[in-house]
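# Examination of the molecular architecture
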Amino acid sequence: MPVGRNARTRRDFLRGAAAAVIALKANLGANQTERGRPPNIVFILADDLGYADVSCYGRPDFRTPNIDGIASSGVRFLQAYANSAVCSATRTALITGRYQYRLPLGLEEPLAGRPEIGLPPEHPTLPSLLKKAGYSTTLIGKWHLGVLPKFGPLKSGYDHFYGFRGGALDYYSHKNGAGDDLWDDDVPLQQNGYLTELLGRHAVSVIDAYAKSDQAFFLSLHFNAPHWPWEAPGDQAESERVAKSSWGLIDFDGGTQKTYQRMIEGMDEQIGRVVAALDRNGLTNNTIVIFTSDNGGERFADTWPFTGKKTELLEGGLRIPCIVSWPARLPRGTTSDQVCISMDWLPTLLAAAGTAPDPGHPPDGMNLLPLLGPSATPLPRKLFWRYKANAQRAARDGDYKFLKILENTFLFNVVDDPLERANLKDRHPDIYQKLTRAWFEWNSAMLPEVQESYTHAFTAKELADHYGARNPDGKPDNPKSPDDD
């Protein structure tokens, strides 16, 4: 059932969770190759999709029946987070299973115009590790982790790539700000059609081919939708207008709620085609299907019951829809209060495939499989974020969240107060101090912020509800812990 507007996701982190993990590990976390064929994996990633932008998470004005269908056949997370409030930083964490701030690429918020920065080809990745385990690997859609000749999907574990390398693409012209950006492997491609439909069609053809080869596969389907420019199916005239607009692809003079709705519905339709291809080929039962977003919602997104949006460490910029289905192993039509984050998927999917992370690059994420059984108890998590624009910092421990924006600091109980209104730092100084110290300790293990990295934030010129907001100055903020004084 959809989450109501006044629904709350209250949970109790009970002691004894470790025992539940041990009990479930034999069923869910064991080497799947010992039971037969390892599962296929289809990882579907939306771009800038808000927490409540699909109907199974509460979108009230339209339906997303195919995404809802994945939820009805699997587990829907109620407390899923992105690793960052922008795309390429989260994608770095997703593909490496580690905090993005361990790599120079992860300092880019997002990666923009720096051809010398990208995902090092020698770094172990989710596709490269699955490939070593015998999987065929394909990326369809958005890459945004570095450009040729130094970086690219084929250099980081994918056998095949069909999509675009930059941060955004016009849905009809297939141009980014610098020119054409549609590729088949490393070959530029000219192809007519609406981008979302092209990606969905290619995903179906890849699934059909893999089904004939009878080999386990990992398919990353990374849509551009519903990222700007605001162009829905049939809006080719709008594409032509955007090309002449002073705003360009970022499209601040375009878009409506109706257009945004049609963009999401178009993506949902293509997801339905992908799910149907799995069914038609008899692959559904032993295929893991994941649907999620790279960060919180943007201009037209519904992020209820949270405030904030993309580029902000408020919950609305970090909370994302997240669904996993694996009919052969996981319960159906359930929800989970387990706190999870993008970097958890590498250890989770490697465990499902019967392999392990690279010992030289241990993941910061955790294997979620033991926590998805019907009687599993959520494990408490400590998660950390930072964002250079406006010197944002955040940490979550249990129900509490530390947040810093510029010089303003807060402590919220984000379970009782998902809107982040009641600042509890003076009411619970012990919790506040514990969380801030934990953030400083974590930050000391990450790369420091640098002047050269790009960081984006919305300004008063761009969004009327951000009155007073200025362009970020780009200066690094590498504060010392109070304990160092």
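What this report covers is the structure whose coordinates are included nearby.

What counts, and where the lines are drawn
Residue positions are given per chain, counting from 1 as you read along its sequence in written order. With pLDDT at 70 or above as the cut-off, local features in this predicted model cover only qualifying residues; side-chain atom pairs require 80 or more to be listed or tallied, and sums for whole chains, interfaces and linings still use all residues. The side-chain quantities take in all heavy atoms of the structure and omit both hydrogens and water. A pair of strands is considered paired only if DSSP assigns at least 2 bridges between the two. Strands are runs of DSSP state E lasting at least two residues, helices are runs of H or I lasting at least four, and both sets are numbered from the N terminus onward. Simply put, an axis is a line fit to the C-alpha atoms, just over the touching stretch for a helix, and the angle between two N-to-C directions goes from 0 to 180 degrees. Only rings of Phe, Tyr and Trp enter the pairing, Trp through its six-membered ring, and a pair is recorded when the two centres are within 6.5 Å. The plane angle decides the type: under 30 degrees is stacked, over 60 is edge-to-face, the rest tilted. Relative accessibility thresholds used throughout: buried, under 20% of the residue-type maximum; exposed, over 50%; partly exposed, between the two (1.4 Å probe, protein chains only). Here, over-ring charges are defined by two tests on the NZ atom of lysine or the CZ atom of arginine: distance to the ring centre within 6 Å, and angle to the ring normal within 35 degrees. Should an angle fall under 35 degrees it is taken as roughly parallel, and over 145 as roughly antiparallel, whereas 65 to 115 is taken as roughly perpendicular and any remaining angle as oblique. We call two residues in contact whenever any of their non-hydrogen atoms come within 4.5 Å of each other. Note on definitions: salt bridges are taken to be side-chain nitrogens of Lys or Arg within 4 Å of carboxyl oxygens of Asp or Glu.

### So, the sheet that holds strand β16 (residues 392–397)
If you walk across this open sheet you meet the 4 strands as β15-β16-β17-β18, and the pairing is antiparallel. Edge positions in the sheet fall to β15 (382–387) and β18 (408–413), since each has one partner strand and no second. Pairs of neighbouring strands in the sheet enclose a mean axial angle of 10°, with direction left out of account. Bridge count between β15 and β16: 6 bridges; the pairing is antiparallel.

### A closer look at the packing of aromatic side chains
Per the stated rule, a full pass over the model turns up 21 aromatic pairs. Geometrically, the ring pair formed by tyrosine 210 and phenylalanine 217 is stacked, given 4.9 Å between the ring centres and 10° between the ring planes. For the pair tyrosine 210 and phenylalanine 217, a shared accessibility class is recorded, and that class is buried. Taken together, the aromatic side chains of Tyr99, Tyr101, Phe384, Trp439, Phe440 and Trp442 make up a single cluster linked through ring pairs. Residue placement shows arginine 76 over the ring face of tyrosine 57; its charged tip is 5.1 Å from the ring centre. Positioned above the aromatic ring of phenylalanine 252 is the side chain of arginine 299, whose terminal nitrogen or guanidinium carbon lies 3.8 Å from the ring centre.

### So, the packing of helix α2 (residues 65–72) against helix α7 (residues 257–280)
Helix-helix packing: each pair is described by the crossing angle between the helix axes and the interaxial distance. Contact geometry of α2 with α7 gives a least axis separation of 7 Å together with a crossing angle of 50°. Between α2 and α7, the crossing angle belongs to the class labelled oblique. For the pair α2 and α7, the contacting residues are Pro65, Asn66, Ile67 and Ile70 in the first and Asp268, Glu269, Ile271, Gly272 and Val275 in the second.

### Section: the pattern of salt bridges
Evaluation of the coordinates by the stated rule reveals 30 salt bridges. Between aspartate 47 and arginine 91 there is a salt bridge whose closest N-O contact spans 3.5 Å. Here arginine 91 lies in helix α3 (residues 87–96) and aspartate 47 lies in the loop between β1 (40–46) and α2, a separation of 44 residues in the sequence. Both residues of the pair, aspartate 47 and arginine 91, count as buried. Two residues, aspartate 47 and lysine 142, come together in a salt bridge whose shortest N-O distance is 2.6 Å. Taken together, the positions of aspartate 47 in the loop between β1 and α2 and lysine 142 in strand β4 (residues 136–142) put the pair 95 residues apart, joining distant regions of the chain. Owing to a relative accessible area of 1%, lysine 142 belongs among the buried residues under this scheme. Three or more residues joined by partner-sharing salt bridges are found here, namely Arg386, Arg393, Lys404, Glu449 and Asp477.

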